[in-house]
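Next come the chains, spelled out residue by residue.
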Amino acid sequence: MIELKQVNFKREQRSILSNVNLHMKKGEHWTILGKNGSGKTTILEMINGYTFPSSGTLNVLGNLYGACDVREVRKKIGYISQSLFEKLNLGDPVWEVVATGEYAFLRFYEHIPEEIIAKATRMLDVVQLVHVKDQLLGSLSQGERKKVMLARALMTTPSILIMDEPCAGLDLFERENLLQSINELSKKEITIVYVTHHIEEIIPLFTHVALIEEGVIIASGEKDQILNEVNLQKLFQVPIHFEWFADRPWIKVAQEPGRNNE
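Residues numbered from 1 in each chain as written. Predicted model: local features only at pLDDT ≥ 70, side-chain atom pairs only at ≥ 80, totals over all residues. Heavy atoms only, no water.

(A) The arrangement of the overall build of the protein in detail. Scanning the protein from N- to C-terminus turns up 9 helices and 12 strands. If you line up the protein on its principal axes, its C-alpha atoms span 65 × 50 × 35 Å. Expressed as a percentage of its 262 residues, the buried residues of the protein come to 48%. For the protein, long-range pairs separated by at least 24 residues make up 60% of all intrachain contacts whose partners lie at least 6 apart in sequence. As presented, the protein carries roughly 13,300 Å² of accessible surface, and 49% of it is formed by carbon and sulfur atoms. Counting 29 positive and 34 negative side-chain charges, the protein places the centres of these two groups 4 Å from one another. (Helix = DSSP H or I, 4+ residues; strand = E, 2+ residues; numbered from the N terminus. Buried < 20%, exposed > 50% of the residue type's maximum accessible area, 1.4 Å probe, protein only. Contact = heavy atoms within 4.5 Å. Areas by Shrake-Rupley, 256 points an atom, 1.4 Å probe, with all protein chains shown as cover. Lys, Arg positive; Asp, Glu negative; His and termini not counted. Charge placed at Lys NZ, Arg CZ, Asp CG, Glu CD.)

Below you can see the structure in the form of structure tokens.
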């Protein structure tokens, strides 16, 4: 589905990605986990064909980037990001925002076919937001807005769904509500790539994890093998205690040597 081979990326004199190798196969769902500024979003931009490697190769859905029309590949990729949301119009009704996903528009300036309106309504039902379909996008809570983006991304029945920190800015209730909707996607034939710096967002849906630190993949593979105290302390550079609970990973910051809890 997605393969990066010896990918390097430099911006001016700064190395953003160094010798990145990732192979995401059909039926797998990946989380890319790392601190802020580690290169996570750059990988997503490359998969979407918005950024190209300085060296190395990228193959998505059987298409070698640099030897194909990436605009055609993007039609098979759903993308959720804050930067995309900021381009949408808060004054548009929710159903219309979702419907724009069918054509990768930011808004409509012409008649919208009835079948597309009906499809947008179905997608809102999938994320349990059909009851707000006639409200304006700007009237929704942060969590509801993220669900609208999810419904919009599902309009084209994508082969790949990419999510760049979708839970950023959400409170506990809205985060868990959104993660529940994402976990339901396990019933669909779609490969999910999810970027975060919060380990507790790795819900049961996800099968594989890549840990990235300063543009270098320090570990990747099945989540049960990759997520452990040694790897996570190397990643976050903070002493931690790690455990699994309800098929999700959790960490606690360990007490620093020589300090007492008071």
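There's more to say after this.
(B) View of the side chain of R152. Looking at where R152 falls in the secondary structure, it is placed in helix α6 (residues 142-153). Among buried charged residues, R152 stands out as having no salt bridge; its nearest opposite-charge side chain is D92, 9.3 Å away. Among residues more than four places away in sequence, those in contact with R152 are L84, L88, V97, V98, T100, G101, A104 and F105. (Salt bridge = Lys/Arg side-chain N within 4 Å of Asp/Glu carboxyl O.)

(C) Region of interest: the sheet that holds strand β10 (residues 216-222). As summarised here, the arrangement of the 6 strands in space is β6-β7-β8-β3-β9-β10, forming an open sheet in which the pairing is mixed. Every other strand in the sheet has two partners, leaving β6 (77-80) and β10 as the edge strands with one partner each. Strand-to-strand twist of the sheet, defined as the mean angle between neighbouring strand axes without regard to direction, takes the value 15°. Relative to strand β8 (residues 191-196), strand β3 (residues 30-33) runs parallel, the two sharing 4 bridges. Note on β8: the bridge partner recorded for T31 is Y194. (Pairing = 2+ DSSP bridges. Axes fitted to C-alpha atoms, helices over the stretch in contact; angles between N-to-C directions.)

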